[in-house]
Amino acid sequence: MTRSIGWYKNQWLDIDNIFISATDRGLKFGDGIFETILIKNNQPILFDEHIKRLEKSSRILNINLKLNKSSLKRLINEGIKKLALKDHEFGSVRLNYSRGTNKGRSLKVNSTSITNSLDNLWLEFYQIQPDFSPISVYISQKEKRNEFSLISKCKTFSYNQAIQVLLEANQKSFDDSILLNTSGELCCGSAFNLLIKRNTHWITPRKESGCLEGIMIEKALKLKIAKEELIFPEFQEDDIIIAINSLSCRQINKVNDLKLKSSFDPIYFWELLYN
């Protein structure tokens, strides 16, 4: 079975054989956007929602995205066939889109014209196992989300802040980290959104906090399972806190020194959102 496969410039390649030019702005400056889509039952799940967010990110950052949605879906379906997953197995596809190549060393954007090819796109397909394991988290003291930044609203190549807070948490023997915004409001995790069940109600940090508009959170809001609120990091022992993204749903069992005592079935909740 193929565990991973990539696509770039009309070629199917081993992931390790996808080489991005040193002049590519995505490589040089992190100047690109991406989406990661779950593959379940050999289908890309919530495909339309992910493409909608990719298009929104491109508009916010003035990246002239040129993708034919139907052609892209056919390409993804072809990649899924090559991945050859069994019915019970999961996969993921990451869509990467760079602003394009850069002339010289300047940060200046040379052109905002729409590209005439898919040269700025590459795809990565993986066989995965969704993560439902519990985690402990540390509230970062070094990094804050900027609730006023355009970057906070987009899923970009730059994960430097997420890497720093993860290192910070690991150095203190925690699995991961959660971030506040510049006003001290609860925001998100290193690479996940937050859901909190408190007094029988599910709440999630509001978009104005600077958290990325997560696909799974949007599904929970649409199903009226959860509501957005302004939340400060004043946790209670009987809170149920979930770290969620498209490929995982993990219960947080400890925040800093506070151990959370409530139990929860993350698999059921995750499948509820995806069904």
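Position labels on residues start from 1 in each chain and follow its written sequence. Local features in this predicted model are restricted to residues whose pLDDT is 70 or higher, and side-chain atom pairs enter the listing and the counts only when it is 80 or higher, whereas totals over whole chains, interfaces and linings include all residues. With hydrogens and water excluded, all non-hydrogen atoms of the structure serve as input to the side-chain values.

### What to know about the sheet that holds strand S5 (residues 90-98)
Within a sheet, each strand pairs with its neighbour through backbone hydrogen bonds, oriented either parallel or antiparallel. Put simply, the rule is: A strand pair is defined by DSSP finding two or more bridges across the two strands. Numbering of helices and strands starts at the N terminus; helices are DSSP runs of H or I of at least 4 residues and strands are runs of E of at least 2. By the convention used here, residues are in contact when the closest approach between their heavy atoms is within 4.5 Å. Angles shown run from 0 to 180 degrees and are taken between the N-to-C directions of axes, each axis being a line fitted to C-alpha atoms and, for helices, limited to the stretch in contact.
Read across the open sheet, the 6 strands follow the order S2-S1-S6-S5-S3-S4; overall the sheet is antiparallel. On the outer flanks of this sheet lie strand S2 (11-13) and strand S4 (43-44), each paired with one strand and no other. Docked against the sheet, helix H2 (residues 47-60) engages strand S3 (32-40), S4 and S5, running at close to 175° with respect to S3.

### Focus on the nonpolar core
As a reminder of what qualifies: Here the nonpolar core consists of buried residues drawn from Ala, Val, Leu, Ile, Met, Phe, Trp, Tyr and Cys, with membership extended through side-chain atoms lying within 4.5 Å. For the exposure calls, accessible area comes from a 1.4 Å probe over protein chains only, and a residue counts as buried if that area is under 20% of its type's maximum, exposed if over 50%, partly exposed in between.
Grouped together as the largest cluster of nonpolar side chains are 24 residues, with contacts concentrated most on Ile-39, Leu-72, Ile-76, Val-93, Leu-95, Leu-123 and Phe-125. Secondary-structure elements contributing two or more residues to this core are strand S1 (4-8), S3, H2, helix H3 (69-83), S5 and strand S6 (121-128). The leading source of residues in this core is H3, at 5 residues. Here Leu-123 is in contact with Ile-5, Gly-6, Trp-7, Ile-18, Leu-72, Leu-75, Arg-94 and Leu-95, once residues within four sequence places are set aside. Listed in part, the 21 residues of the second largest apolar core include Leu-46, Ile-215, Ile-217 and Phe-269.

### As for the pairing of strand S10 (residues 193-198)
For S10, the buried fraction is high: 5 of the 6 residues fall into the buried class. Bridge analysis of S10 against strand S13 (residues 240-245) gives 5 bridges, and the strand direction is antiparallel. Looking across to S13, one finds that Leu-195 is bridged to Ile-242. Strand direction decides the pairing type here: S10 and strand S11 (residues 201-205), joined by 3 bridges, are antiparallel. Opposite Arg-198, over in S11, you have His-201 as the bridge partner. What sits between S10 and S11 in their antiparallel hairpin is a turn of 2 residues, with Asn-199 showing a positive phi close to 55°.

### Re the pairing of S6
With 6 of 8 residues buried, S6 is to be regarded as a mostly interior element. Bridge analysis of S1 against S6 gives 5 bridges, and the strand direction is antiparallel. Directly across from Ile-5, in S6, lies its bridge partner Phe-125. The pairing of S5 with S6 spans 8 bridges and is antiparallel. Note on S6: the bridge partner recorded for Leu-95 is Leu-123.

### Remarks on the side chain of Asp-31
The topology assignment puts Asp-31 in the loop between helix H1 (25-29) and S3. With residues near it in sequence (within four places) discarded, Asp-31 still touches Arg-25, Gly-26, Ile-63, Ser-98, Arg-99 and Phe-157.

### Points about the pattern of salt bridges
What counts is decided by this rule: The salt bridge criterion pairs a side-chain nitrogen of Lys or Arg with a carboxyl oxygen of Asp or Glu, the two atoms within 4 Å.
Evaluated as defined, the whole model comprises 11 salt bridges. For the salt bridge of Arg-99 with Asp-31, the shortest nitrogen-to-oxygen distance reads 2.6 Å. On the criterion of sequence distance, the pair formed by Arg-99 in the loop between S5 and S6 and Asp-31 in the loop between H1 and S3 is long-range, its members being 68 residues apart. For Arg-99, a relative accessible area of 19% gives the class buried. With its nearest N and O atoms 3.2 Å apart, the salt bridge here joins Lys-56 to Glu-213. Highlighted residues: Lys-56 in helix H2 and Glu-213 in the loop between S11 and helix H5 (215-222), separated in sequence by 157 residues.

### Re the packing of aromatic side chains
Test applied: The pairing test for Phe, Tyr and Trp rings, Trp by its six-membered ring, is centres within 6.5 Å, and the orientation test on the planes gives stacked under 30 degrees, edge-to-face over 60, and tilted for anything in between.
For the structure on display, the rule yields 11 aromatic pairs. Here the aromatic rings of Tyr-138 and Phe-174 are separated by 5.5 Å at their centres, their planes lie at 40°, and the arrangement is tilted. Residue Tyr-138 is located in strand S7 (residues 135-139), and its partner Phe-174 is located in the loop between helix H4 (160-171) and strand S8 (176-180); the two are separated by 36 residues in the primary sequence. An identical accessibility class is assigned to Tyr-138 and Phe-174; each is buried.

Structural measurements only, silent on function.
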